[in-house]
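Here are the chains, one letter per residue:
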Amino acid sequence: MVLVNPNTSAATTRMMTGIARRALAGTGLRVRGVTVAAGPPMLTDPAALSAAVPHVLAAARRALAAGDCAALIVAAFGDPGVPELREDRGPLGAPGRAPGPEHFPALVPVSAFGDPGVPELREDPGPLGAPGRASGPEHVPVLVPVPVVPVSVPVPVVGIGEAALAEAAAGGRRFGIATTTPLLAASIDTLVTRLGLTAGYTGARFTAGAPERLSAHPAVLLAALETAARACVVRDGAEVVVIGGGPLGDAAEALRSRLTVPVVAPVPAACRRIARVLGRA
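Owing to the predicted nature of the structure, the values given are computational and were not obtained by experimental measurement.

Enquirer: Can you help me understand the overall build of the protein chain in this one?
Expert: Looking only at helices and strands, the protein chain features 10 helices and 10 strands. Residue burial in the protein chain is summarised as follows: out of 281 residues, 49% are buried. In the protein chain, the proportion of contacts linking residues at least 24 apart, taken out of those at least 6 apart, comes to 73%.

Written out as structure tokens, the structure reads:
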């Protein structure tokens, strides 16, 4: 099984690969971790999530070309690239919907001071689509949707977000999400809706402070996530808490002994789903 890390942190890839190997111990499945070749270092907002998609697709193609890939896990909670890898057939091949604007990179920089092609990219409606003003250097970023071409792969593809949410909602349980990325609140809600799990969703709780700063201090991260997770239970009535992020895997494992309700860690949840699909559970 190949685990694709959609951010560029090799250290995060190693951590998540270790978690996946422990989760799949005894199944006979080997795990190979792959880091995308380019893209955002952390996926903390919708633009970064969208920008990661083409890099996830490229990493998946390389993994398949190696000839030893029986399944793919996309290890970011927003599941970037998963619909495209299935040609948007939906979770593990179920019918889905066509890719929308959330699957497009948010910015196309034109990196020449004279801004060649910028008016044409906008069909010359003015800076960033606004009428009546000439383009200036502050308007170099151009908001142009760049389609990401779906690529169907011949192996099961599981996103850690969908796997964790489905596991948490099993049996009609009420579930909440604790995570570090408040700018992804709408994206998380959209994922829950796409999976048809809104009935049991109690909402998301977010840690205070910059995600980048928290990730650099594991003890502080763990304490902040525990506070958010407890709010899911005490304030929102969640019966299960999902820790929303692959890079939060170590903290998710530690939180299991600190809470009185089940904690679902996304990477192990995705591994369990892959094992079931491949008949290795």
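Enquirer: In this structure, what is going on with helix H6 (residues 185–194)? I would like to understand it.
Expert: Of the residues making up H6, those classed as buried are Ile 188, Leu 191 and Val 192. Relative to the axis of H6, the buried residues are bounded by an arc of 100° and lie together on one face. Exposed and oriented more than 90 degrees from the buried face of H6 are Ala 186 and Thr 193. Buried-residue contacts for H6 involve helix H5 (160–169), strand E7 (175–179) and strand E8 (201–206). Phi for Gly 196, located one or two positions after H6, is positive at around 75°.

Enquirer: What exactly am I supposed to notice about the environment of Ala 186 here?
Expert: Among the secondary structure elements, Ala 186 is positioned in helix H6. Separated by 140 residues in the primary sequence, Ala 186 and Pro 46 have C-alpha atoms spaced 8.7 Å apart.

Enquirer: When you look at the sheet that holds strand E3 (residues 72–74) in this model, what are you seeing that I'm missing?
Expert: Strand pairing in a sheet relies on backbone hydrogen bonds. The paired strands run either parallel or antiparallel. Within the open sheet, the four strands sit side by side as E2-E1-E3-E6. Their pairing is parallel. The open sheet has two edge strands, strand E2 (32–35) and strand E6 (157–159), and neither has a second partner. Along the sheet, successive strands turn relative to each other by an average axial angle of 25°, direction set aside. As paired elements, strand E1 (residues 2–5) and E3 share three bridges and run parallel to each other. Pairing of Leu 3 across the sheet is with Ile 73, part of E3. Each of E1 and E2 is contacted by helix H1 (residues 10–23), which is oriented at about 145° to E1, the strand it contacts most. The sheet contacts of H5 involve E3 and E6, and relative to E6 the element is tilted by about 70°.

Enquirer: I tried to follow the layout of surface pockets on my own but got confused; where do I start?
Expert: Each pocket or cavity is described by its volume, and for the largest pocket that value is around 860 Å³. Looking at the lining of the largest pocket, the elements that each hand over two or more residues are helix H2 (46–65), H6, helix H7 (211–215), helix H8 (218–234) and helix H9 (249–255). Considering each element in turn, the lining of the largest pocket owes the most residues, six residues, to H6. Residues that form the lining of the largest pocket fall into these classes: 25 nonpolar, 17 polar and six charged.

Enquirer: In this structure, what is going on with the environment of Val 155? I would like to understand it.
Expert: In this structure, Val 155 sits in the loop between strand E5 (141–142) and E6. For Val 155, a relative accessible area of 15% corresponds to the buried category. The spatial distance from the C-alpha of Val 155 to the C-alpha of Cys 69 is 7.8 Å, given a sequence separation of 86 residues. Sequence-distant contacts of Val 155, that is, excluding residues within four places in its chain, are made with Leu 64, Cys 69, Ala 70, Ala 71 and Leu 72.

Enquirer: How should I be thinking about the sheet that holds strand E10 (residues 263–264) in this particular structure?
Expert: Strands sit in the order E8-E7-E9-E10 across an open sheet of four strands; the sheet is parallel. Edge positions in the open sheet fall to E8 and E10, since each of these has one partner strand only. Across four bridges, E7 lies against strand E9 (residues 240–243) in parallel orientation. Across the sheet, residue Ala 178 finds its bridge partner in E9, namely Ile 243.

Enquirer: Can you walk me through the packing of H5 against helix H10 (residues 266–277) in this structure?
Expert: Two quantities define a packed helix pair, namely the angle between the axes and the distance from one axis to the other. Running from amino to carboxyl end, H5 crosses H10 at an angle of 85°, the nearest separation of the two axes being 8 Å. As judged from the angle between their axes, H5 and H10 are roughly perpendicular. On H10, the residues touching Ile 160, Glu 162, Ala 163, Ala 164, Ala 166 and Glu 167 of H5 are Pro 266, Val 267, Ala 269, Ala 270, Arg 272 and Arg 273. Residue composition of the contact of H5 with H10, grouped by class: eight nonpolar, no polar and four charged.

Enquirer: Sorry if this is basic, but what is going on with the packing of H1 against H10 here?
Expert: At a minimum axis separation of 9 Å, H1 and H10 run at an interaxial angle of 45°. With respect to each other, H1 and H10 are oriented oblique. The hand of the H1/H10 crossing is right-handed. Only Val 267, Pro 268 and Cys 271 of H10 make contact with H1, whose side of the interface consists of Met 16, Ile 19, Ala 20 and Ala 23. The residue makeup of the contact of H1 with H10, split by class, is seven nonpolar, no polar and no charged.

Reading the values: the criteria
- Residues numbered from 1 in each chain as written.
- Predicted model: local features only at pLDDT ≥ 70, side-chain atom pairs only at ≥ 80, totals over all residues.
- Heavy atoms only, no water.
- Helix = DSSP H or I, 4+ residues; strand = E, 2+ residues; numbered from the N terminus.
- Buried < 20%, exposed > 50% of the residue type's maximum accessible area, 1.4 Å probe, protein only.
- Contact = heavy atoms within 4.5 Å.
- Arc of directions from axis to C-beta.
- Pairing = 2+ DSSP bridges.
- Axes fitted to C-alpha atoms, helices over the stretch in contact; angles between N-to-C directions.
- 1 Å grid on protein atoms, 1.4 Å probe; cavity = no way out; pocket = protein on both sides within 12 Å on 5 of 7 lines; lining within 4 Å.
- Points joined across faces, edges and corners; volume = space filled by probe spheres on them.
- Nonpolar A, V, L, I, M, F, W, Y, C, P; charged D, E, K, R; others polar.
- Parallel < 35°, antiparallel > 145°, perpendicular 65-115°, else oblique.
- Left-handed = near helix turned anticlockwise from the far one by under 90°.

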